[in-house]
Amino acid sequence: MKTFIINNLEFAQTQQKLIDTFEVFDCKRLTEMLVIQDKNVEPATILFELAGDCKRFRQPSMHLNIRTKLPVICQRCLEEMLVELDLSFDYLISKVAINELDENDEMDWLEANIEMNLQELIEDELLLALPIAPTHENSCGKLSMQSGEKPNPFAILKGKIK
Ligand SMILES: [Zn+2]
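Residues numbered from 1 in each chain as written. Predicted model: local features only at pLDDT ≥ 70, side-chain atom pairs only at ≥ 80, totals over all residues.

### So, the nonpolar core
Counted only if it meets this: One nonpolar core equals one set of buried Ala, Val, Leu, Ile, Met, Phe, Trp, Tyr and Cys residues connected by C-beta atoms within 7 Å. Exposed residues have 12 or fewer other C-beta atoms within 10 Å of their own C-beta, buried residues have 20 or more, and residues in between are partly exposed; the C-beta atoms are placed from the backbone. The helix and strand labels rest on DSSP assignments: H or I over at least four residues marks a helix, E over at least two residues marks a strand, and numbering proceeds from the N terminus. Working definition of a contact: two residues with C-beta atoms, positioned from the backbone, lying within 7 Å.
Ranked by size, the top nonpolar core spans 24 residues in total, and within it Met-62 and Ile-122 carry the most contacts. Taken together, the elements giving at least two residues each to this core come down to α1 (8–13), β3 (45–53), β4 (61–73), β5 (80–94) and α3 (118–129). Other than its neighbours up to four places away in sequence, Met-62 contacts Asn-8, Phe-11, Ala-12, Leu-50, Ala-51, Gly-52, Tyr-91 and Ile-93.

Spelled out as structure tokens, the structure:
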């Protein structure tokens, strides 16, 4: 299991970049929220990009992008579905709390930490972003068809070709 411990202030000041992945299984709290079954052929992978910056906001900051697809249960048809997440965050890094941020939801504040656990931060953000009652985007009642009702794939093709 990988660990991602970084000195976040230094990371920002020296404008480092980190692109890596880890498995959802490595996140215990997150795994508890998901449908992890044997039939998940591939374990869900979390891809992240972290970029330190010290110019954009005139103080040390980090931009974090998280991309993943997480298996959950659709609350309408109770079938497994994947929630696709593509999240971006900007964090200001400071030793003292930044009060002005209260009015600005676009930015978050992270306390300067020489041993910040990046994986924990990513897990926290994913837990917050996970929909409470996920449902398929399209009406899924029709998709959970009983046997014998499957559409003939050739019939569908025929309809598309003119
Ligand atoms: Zn559904």
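### Notes on the pairing of β5
Short version of the rule: Two strands form a pair only when DSSP identifies at least two bridges running between them.
The pairing of β4 with β5 spans 13 bridges and is classified as antiparallel. Each bridged residue has a counterpart across the sheet, and for Met-62 the counterpart in β5 is Tyr-91. Connecting β4 to the next strand, β5, in antiparallel fashion are six residues, including Leu-78 with a positive phi near 60 degrees. Relative to strand β6 (residues 107–111), β5 runs parallel, the two sharing five bridges. Its bridge partner lying in β6, Ile-93 is registered against Leu-110.

### Digging into α3
Convention followed: By this rule the span expected of a helix is its residue count minus one, scaled by 1.5 Å.
The terminal C-alpha atoms of α3 lie 17 Å apart, and with twelve residues this matches the ideal 16 Å at 1.5 Å per residue to within 8%. Among all positions of α3, only Leu-118, Leu-121, Ile-122, Glu-123 and Leu-126 are buried. Packed against the buried residues of α3 are β1 (5–6), α2 (28–33), β3, β4, β5 and β7 (116–117).

### Description of the confidence of the model for the protein chain
To keep things clear, this is the line we draw: In predicted models, pLDDT denotes the confidence assigned by the predictor to each residue on a 0 to 100 scale.
In the predicted model, the protein chain carries a mean pLDDT of 84, and 77% of its residues have values of at least 70. Scored below 50 in pLDDT, residues 143–149 makes three contacts in the model with residues more than four places away or belonging to other chains.

### Topic: unusual backbone geometry
Its identity is not glycine, yet Gln-15 carries a phi of approximately 50 degrees, on the positive side. Structurally, Gln-15 is set in the loop between α1 and β2 (17–23). Positioned with a positive phi, Leu-78 is a non-glycine residue whose angle comes to about 60 degrees. Take Leu-78: it is sitting in the loop between β4 and β5. The class for Leu-78 is exposed, based on 10 C-beta atoms found within 10 Å.

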